[in-house]
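Each chain is listed here by its residues.
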Amino acid sequence: MSHASRPPGPARPHPLAGRRIAVTRAREQANQLVRELEALGAEVVAAPTIRIARLADLAALRAALTRVPPYDWIVFTSQNAVHVVCDRLPEWELAPRDVARAAVAAIGPATAEALVRRGLVPDLVPDRFVAEAVVTSLAAQGDVRGKTILLPRAREARDELPDGLRALGAVVDVIPVYETIRETGNGSGLAAEILAGRIDLVTSGRGVWPVRGGGDWPSHGRDGARARDHGRHRGPGVHGARTRGSDRAVLRAGSGTRDAEYVTGPLRLGTRGSRLAVWQAEWVQAALARSGVPAELVIIKTRGDAEVDRPLHELEGKGFFTKEIEEALHDGRIDVAVHSLKDLPTALPPGLVLAAVPERADPAEVLVTRDAGVTSIAGLAAGARLGTSSLRRVAQIRHLRADLEIVPLRGNVPTRVQKVKEGRDGLDAALLAGAGLERLDLGGQIAARLDPLDVMPAPGQGALGLEVRADDRKARDALAPLEDPPSARQVAAERSLLSSLDGGCQAPVAAWVGRRDVGGGMRLFGRVTAADGSVQVTASADIDESDPAAAGVAVAGLLKAQGASRLLGR
């Protein structure tokens, strides 16, 4: 089952059909905005007021990127700077990792997203998307006195950022890499269109502006009449209060259930910066767009991303990949937290709820091998080195093949696959979640898809969890079409099992929902395995669709009766 096999929920009518929207941003910046508006049915009138021009002489930038020792920080203030810097790397025989020798800061989610797309995960994205916030945030990281900071930016830009950093004792090198050039023309053509009532909305770098007050949509022929009628029923008023300088994804369409609801800008989707996490968040973004709801990504670095030198089970606490994202959600810095559901603890913080579980991908475990001829766990030679840092996987593999050597393996999905293929650390194979490989177009690297009753997956594996503030009705309404009831029932049963065993995300507890052998319906299977693989207990129970969590409680009770609590160290 592919996660993207179908749009989540019924497609809504194009909410911007009949509208003509003038986009005044530079062509280099407006492409995605134009695509999103057109996908929502709008007719876009391109009226750029400036264009972005890369400077011809970037010798100073090249010298800065190859500086020895490297800078302590590189601060990107716009996605334009990201594009200019990263576009020149291949020509200079450099790679994103050469930039990442320094810690990287980004102003705003659009800049952070541009970095992630180029293979750079920012270490710092201030809560406020202004230069002054970078000064405050860097100071919060520790004493910046004597720190070296590179600032590639526009030729003409405010000096609050470099001046503020220098006032704290930092050594700041400002290198202009592009300039903004006013487009020729006096704007009379656009003005005439507006005066004739043929433009409904104008976007700029500072927000989104209706042509007429009160949220009315001016008529222009039969399309205008249709738009007014649509507006009476859907009520899309407009303002730019939450765009924070970004006019990408201009409108959040009404749900059709309330009259005259004002549009307040894109939903902010909080996500980790790994390739898989960004893919998942972009999938949610695209699914929302199909329902007429714009969204933007906000990259958040978690403890699990920062502490990669130790297996996760050696770290104290829970929520290694979710805690910082939940804090941003609670504080109002984001509207939706996009999680891999297997990473999300079963007990959510007060005030936060799981709003939707989209259609789940196949939760099965897969084997990746260095030797293409090895297509099963049984086919691995005695003493072969198998990589994983999951206690659940380690315990089950030791139960199946005590003669294999388990090697700690962390990192993002492509890195783990590459380590196996190159035989790094003597690796012969690795266990991973198949869903992650398929989402990143790495399905061709799968040597074998394992039977869930041989190696059982983690509770919630293959599913996404979309978490919101409990009192945010707008976010919950926007996410409602993404809910897939069968997937939600499955993960409710599996997470209930984990909760009933008092297990965390790293506990050696496995769960899987399969079809009943006789009759219709689903059955929950649960498993607990001793860390050394010496003992393994498995139990199952039918799932009542009206109360799927009850199956988790029942299976947990059966496992406890077989000694699961002792195996879990309690």
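Please read these numbers as outputs of a predicted model, since none were measured by experiment. (Residues numbered from 1 in each chain as written. Predicted model: local features only at pLDDT ≥ 70, side-chain atom pairs only at ≥ 80, totals over all residues. Heavy atoms only, no water.)

Chemist: What is the right way to look at the environment of glycine 533 in this model?
Modeler: With respect to the helices and strands, glycine 533 occurs in the loop between β23 (522-529) and β24 (536-542). Here glycine 533 falls in the buried class, since its relative accessible area comes to 7%. Taking the C-alpha atoms as reference points, glycine 533 and isoleucine 397, separated by 136 residues in sequence, lie 7.3 Å from one another. Filtering out sequence-adjacent residues up to four positions away, glycine 533 remains in contact with Ala395, Arg398 and His399. (Helix = DSSP H or I, 4+ residues; strand = E, 2+ residues; numbered from the N terminus. Buried < 20%, exposed > 50% of the residue type's maximum accessible area, 1.4 Å probe, protein only. Contact = heavy atoms within 4.5 Å.)

Chemist: Hey, could you run me through the sheet that holds β23 in this one?
Modeler: In a beta sheet, neighbouring strands are held together by backbone hydrogen bonds and run either parallel or antiparallel to one another. Strand order across the open sheet formed by 3 strands is β22-β23-β24, with antiparallel pairing between neighbours. The open sheet is flanked by β22 (509-515) and β24, the only strands paired with a single partner. Recorded for the sheet is a direction-independent mean angle of 20 degrees between the axes of neighbouring strands. Each of β22, β23 and β24 is contacted by helix α13 (residues 391-400), which is oriented at about 80 degrees to β23, the strand it contacts most. Most of the contacts of helix α17 (residues 485-500) go to β22, to which it runs at about 150 degrees, and overall it touches β22 and β23. (Pairing = 2+ DSSP bridges. Axes fitted to C-alpha atoms, helices over the stretch in contact; angles between N-to-C directions.)

Chemist: Explain empty space enclosed by the protein to me, please; I cannot follow it from the model alone.
Modeler: It is a probe the size of a water molecule, rolled over the atoms, that shows where empty space is left. Under the counting rule described, the total for this entry stands at 4 cavities of 30 Å³ or more. In this structure, the second largest cavity spans a volume of roughly 60 Å³. Together, Ala64, Leu65, Arg67, Pro70, Tyr71, Ile74, Asp98, Val99, Arg101 and Ala102 line the second largest cavity. Breaking the lining of the second largest cavity down by element, the ones donating at least two residues are α2 (59-65) and α4 (96-99). Tallied by class, the residues present in the lining of the second largest cavity amount to 7 nonpolar, no polar and 3 charged. (1 Å grid on protein atoms, 1.4 Å probe; cavity = no way out; pocket = protein on both sides within 12 Å on 5 of 7 lines; lining within 4 Å. Points joined across faces, edges and corners; volume = space filled by probe spheres on them. Nonpolar A, V, L, I, M, F, W, Y, C, P; charged D, E, K, R; others polar.)

Chemist: It is not clear to me how the side chain of threonine 369 should be interpreted in this structure. Could you clarify?
Modeler: Mapped onto the elements of the fold, threonine 369 is located in strand β16 (residues 365-369). Within the local environment of threonine 369, its side chain forms a polar contact with the backbone oxygen of valine 374, the two atoms lying 3.1 Å apart. Ignoring any residue separated from it by four or fewer positions in sequence, one finds threonine 369 in contact with Val374, Val420, Lys421, Asp428, Ala429 and Ala447. (Polar contact = N/O pair within 3.5 Å; in protein donor to acceptor, adjacent residues only side chain to side chain.)

Chemist: What should I look at first to understand unusual backbone geometry in this one?
Modeler: Across the chain, the bulk of peptide bonds are trans and the bulk of non-glycine residues have phi less than zero. A cis amide bond links valine 68 to the next residue, proline 69, at an omega of -5 degrees. Considering the arrangement of structural elements, one finds proline 69 in the loop between α2 and β4 (73-76). Positive phi, close to 60 degrees, is recorded for aspartate 425, a residue that is not glycine. If you trace the backbone, aspartate 425 turns up in the loop between α14 (413-422) and β19 (429-433). Here the phi dihedral of aspartate 441 falls at roughly 60 degrees; this positive angle occurs in a residue that is not glycine. Turning to its location among the elements, aspartate 441 is positioned in the loop between α15 (434-439) and β20 (448-449). By relative accessible area, aspartate 441 is classed as exposed at 72%.

Chemist: Can you help me understand the confidence of the model for the chain in this one?
Modeler: Averaged over all residues, the pLDDT of the chain equals 80, while 78% of them reach at least 70. Within the chain, the element-level pLDDT minimum falls on strand β10 (residues 237-238), averaging 26, and the maximum on β16, averaging 97. Taken as a whole, residues 1-12 scores under 50 in pLDDT and shows 30 contacts with residues more than four places along the chain or in a different chain. Low pLDDT (under 50) marks residues 212-263, which in the prediction has 126 contacts with non-local residues, meaning those over four places away or in another chain. (pLDDT = per-residue confidence, 0-100.)

Chemist: Can you help me understand the packing of helix α6 (residues 131-140) against helix α7 (residues 160-167) in this one?
Modeler: Any two packed helices are characterised by how steeply their axes cross, that is the angle between the axes, and by the distance between the axes. At a closest axis distance of 8 Å, the pairing of α6 and α7 adopts a crossing angle of 25 degrees. When the axis of α6 is compared with that of α7, the two are roughly parallel. When the axes of α6 and α7 are compared, the crossing they make is right-handed. Contacts between α6 and α7 involve Ala131, Glu132, Val134, Val135 and Leu138 on the former and, on the latter, Glu160, Leu161, Gly164 and Leu165. (Parallel < 35°, antiparallel > 145°, perpendicular 65-115°, else oblique. Left-handed = near helix turned anticlockwise from the far one by under 90°.)

Chemist: What is the right way to read the packing of aromatic side chains from this model?
Modeler: The way to describe two aromatic rings as a pair is by their centre distance and the angle between their planes. Per the counting criterion, the structure on display carries 1 aromatic pair. The ring of tyrosine 71 carries the charged tip of arginine 67 above its face, separated from the ring centre by 4.6 Å. (Phe/Tyr/Trp six-rings, centres within 6.5 Å; stacked < 30°, edge-to-face > 60°. Lys NZ or Arg CZ within 6 Å of the ring centre and 35° of its normal.)

Chemist: What exactly am I supposed to notice about the pairing of β4 here?
Modeler: Within a regular strand, the side chains alternate between the two sheet faces. Burial along β4 is two-sided: Trp73 and Val75 and Ile74 and Phe76, pointing in opposite directions, are all buried. Strand direction decides the pairing type here: β4 and strand β5 (residues 103-106), joined by 4 bridges, are parallel. Within the sheet, the bridge partner assigned to isoleucine 74 lies in β5 and is valine 104. Pairing geometry for β4 and strand β6 (residues 148-154), over 2 bridges, is parallel. By the bridge assignment, isoleucine 74 is partnered in β6 with leucine 150.

Chemist: What's the story with the environment of valine 366 in this structure? I'm lost.
Modeler: Relative to the helices and strands, valine 366 resides in strand β16. Distance from valine 366 to alanine 435, taken between C-alpha atoms, is 9.0 Å for residues 69 residues apart in sequence. Not counting residues within four places of it along the chain, the set of residues in contact with valine 366 comprises Ala430, Leu431, Leu432, Ala433, Gly434, Leu437, Ile446, Ala448, Arg449 and Leu450.

Chemist: Sorry, what's going on with the sheet that holds strand β21 (residues 464-469) here?
Modeler: Read across the sheet, 5 strands follow the order β13-β12-β14-β21-β15 without closing on themselves; strand pairing throughout is mixed. Whereas interior strands pair on both sides, the edge strands pair on one side only; in this sheet they are β13 (295-299) and β15 (352-356). In this sheet, adjacent strand axes meet at a mean angle of 35 degrees when their direction is disregarded. For strand β14 (residues 336-340) and β21, the ladder comprises 4 bridges, and the chain directions are antiparallel. In the strand pairing of β21, alanine 337 is matched with glutamate 467.

Chemist: Help me out: how do you make sense of the packing of α17 against helix α18 (residues 549-561) in this one?
Modeler: For the pair α17 and α18, the least separation of the axes is 7 Å and the interaxial angle reads 40 degrees. As the angle between them shows, α17 and α18 are arranged oblique. The interaxial crossing formed by α17 with α18 has right-handed handedness. Touching Ala492, Ala493, Ser496, Leu497 and Ser500 of α17 are Ala549, Gly552, Val553, Val555, Ala556, Leu559 and Lys560, all from α18. Residue classes in the contact of α17 with α18 are distributed as 8 nonpolar, 3 polar and 1 charged.

Chemist: What is the right way to look at helix α3 (residues 79-88) in this model?
Modeler: Three or four residues apart is the spacing at which side chains of an α-helix point the same way, because the helix has 3.6 residues per turn. The element α3 is largely enclosed, with a buried count of 7 among its 10 residues. Along α3, the positions that sit buried rather than exposed are Asn80, Ala81, Val82, Val84, Val85, Cys86 and Arg88.

Chemist: Can you help me understand the nonpolar core in this one?
Modeler: Side chains of nonpolar character tend, in soluble globular proteins, to be buried together. In this structure, Leu65, Phe76, Leu267, Leu269, Val284 and Leu288 are the most contacted members of the largest nonpolar core, which totals 54 residues. Broken down by element, this core gets its largest block of residues, 6 residues, from helix α10 (residues 275-290). In this structure valine 284 touches Leu269, Val338, Leu464, Leu466 and Leu482, once residues within four positions along its chain are discounted. Core analysis: the second largest hydrophobic core is formed by 23 residues, Val509, Met522, Leu524 and Ala530 among them. (Core = buried A, V, L, I, M, F, W, Y, C linked by side-chain atoms within 4.5 Å.)

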